[in-house]
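# Working through the structure, step by step
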Amino acid sequence: MMEQRIAELIELVRKQSNQILEMQQKIISLEDRVLRLSICKSSNGNYPYYDFILSYGITPDQQTRINRLFMALSERLAGNTLPFGLKEESYSTDFLFSDKPIQLDDVKNAITNIWPVTDDDLPLSLVKAMKEQGIQIQICDYLLSQA
């Protein structure tokens with residue numbers, strides 16, 4: 001009885017391992033197709049920020065963290081108090097809680113800590129794309145005025 005149960009469990013583990021391998025292969029294939037589609041698609045001028053995210057492979061988590069950064073920047077620009085939980089981000093948030101004006105370089109550093117890129121122009125391009133899509137226009141204009 002015990003040997004039969006062990007054999008059943010071994011078979012179940014083998015089937016699940018095969019299913020996991022099959023799903024991994026499908027995910028790899030799907031990632032490849034999405035990448036190819038993002039390269040060959042024609043851009044929609046109405047959504048430059050989303051086009052930017054897709055074209056540069058920004059992950060959903062990175063996008064959420066960038067959006068949270070810009071919401072905090074917008075609140076700071078409006079003179080509102082920021083939640084203390086922001087201090088626990090993976091990038092230095094000291095500039096968000098400083099009395100000094102928001103500086104483009106601090107924001108670019110925060111963006112590159114969220115989205116590691118070596119091209120110094122990409123964070124600024126991201127800000128431009130956000131503005132062009134109508135996202136956080138006031139803070140984007142403020143930052144772009146420093147460029």
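Summary of the structure given here. Here the structure is a predicted model, which is why all the values come from computation and not from measurement. (Residues numbered from 1 in each chain as written. Predicted model: local features only at pLDDT ≥ 70, side-chain atom pairs only at ≥ 80, totals over all residues. Heavy atoms only, no water.)

## Observations regarding the pattern of salt bridges
This is how it is decided: One side-chain nitrogen of Lys or Arg within 4 Å of one carboxyl oxygen of Asp or Glu is enough to make a salt bridge. Each helix is a run of H or I in the DSSP string that is no shorter than four residues. Each strand is a run of E no shorter than two, and both are numbered from the N terminus. Only protein chains enter the accessibility calculation, which uses a 1.4 Å probe; a residue is then buried when its area is under 20% of its type maximum, exposed when over 50%, and partly exposed in between.
The tally for this structure, following the rule as stated, stands at 6 salt bridges. The closest approach of N and O atoms between Glu22 and Lys26, which form a salt bridge, is 3.2 Å. Here Glu22 and its partner Lys26 are both found in helix H1 (residues 2-40), 4 residues apart, which amounts to about one turn of the helix. Accessibility expressed as a relative area gives 53% for Lys26, which makes it exposed. When the shortest N-O distance is used, the salt bridge between Asp61 and Arg65 registers 4.0 Å. You can see Asp61 and its partner Arg65 sitting in helix H3 (residues 60-77), 4 residues apart, about one turn around the helix. Judged by its relative accessible area of 13%, Arg65 is buried.

## Side note on a nonpolar patch on the surface
Counted only if it meets this: Excluding any residue in a salt bridge, patches collect residues exceeding 30% relative accessible area, merging like charges within 9 Å and nonpolar Val, Leu, Ile, Met, Phe, Trp and Tyr side chains within 5 Å. The protein chains shown are the only cover counted for residues, whose accessible areas, like all others here, come from Shrake-Rupley with a 1.4 Å probe.
On the surface, a nonpolar cluster with roughly 330 Å² of combined accessible area is contributed by Met2, Ile6 and Ile10. Mapping Met2 onto the fold places it in helix H1. Residue class for Met2 comes out exposed when judged on its relative accessible area of 61%.

## As for unusual backbone geometry
The residue Gln136 is not glycine, and still its phi comes out positive at about 50°. Position of Gln136 among the secondary structure elements: in the loop between helix H6 (122-132) and helix H7 (137-144).

## Overview of the packing of aromatic side chains
Note the cut-off: Here a pair means two rings of Phe, Tyr or Trp (six-membered ring of Trp) with centres within 6.5 Å. Their orientation is stacked below 30 degrees between planes, edge-to-face above 60, and tilted elsewhere.
The final tally for this structure, using the stated rule, is 5 aromatic pairs. Measuring from ring centre to ring centre gives 5.7 Å for Phe52 and Trp115, while their planes differ by 75°; the resulting arrangement is edge-to-face. With Phe52 in helix H2 (residues 48-55) and Trp115 in the loop between helix H5 (104-114) and H6, this pair connects stretches of sequence that are 63 residues apart. We classify Phe52 as buried; its relative accessible area is 8%. Following the ring pairs from residue to residue traces out a cluster consisting of Tyr47, Tyr49 and Tyr50.

## A few points about the packing of H2 against H6
To describe two helices that pack against each other, one gives the angle between their axes and the distance between the axes. So the rule is basically this: Between the N-to-C directions of two axes lies an angle of 0 to 180 degrees, each axis being a line fitted to C-alpha atoms and, for a helix, fitted only over the stretch in contact. Every residue pair with non-hydrogen atoms within 4.5 Å of one another is taken to be in contact. Amino acids are sorted into nonpolar (Ala, Val, Leu, Ile, Met, Phe, Trp, Tyr, Cys and Pro), charged (Asp, Glu, Lys and Arg) and polar (every other residue, Gly among them).
Between H2 and H6, the least distance of the axes is 7 Å, while the angle of their chain directions is 145°. On the side of H2, the interface is formed by Pro48, Tyr49 and Phe52, while H6 contributes Leu122, Ser125, Leu126, Ala129, Met130 and Glu132. Its residues placed into classes, the contact of H2 with H6 shows 7 nonpolar, 1 polar and 1 charged.

## So, the nonpolar core
What counts is decided by this rule: As used here, the term nonpolar core means buried Ala, Val, Leu, Ile, Met, Phe, Trp, Tyr and Cys residues forming a set that is joined through side-chain atoms within 4.5 Å.
Within the largest apolar cluster, 30 residues are counted, with the highest numbers of intra-cluster contacts made by Leu69, Phe70, Leu73, Leu96 and Leu126. Counting only elements with at least two residues in this core, the list comes to H2, H3, helix H4 (94-97), H5, H6 and H7. Broken down by element, the residue count for this core peaks at 6 residues, all from H6. Sequence-distant contacts of Phe70, defined by excluding residues within four places in its chain, comprise Val107, Ile111, Leu126, Val127, Met130, Gln136, Ile139, Cys140 and Leu143.

## Section: the side chain of Thr93
By the element assignment, Thr93 lies in the loop between H3 and H4. Classification of Thr93 by relative accessible area gives buried; the value is 3%. Sequence-distant contacts of Thr93, defined by excluding residues within four places in its chain, comprise Leu86 and Lys87.

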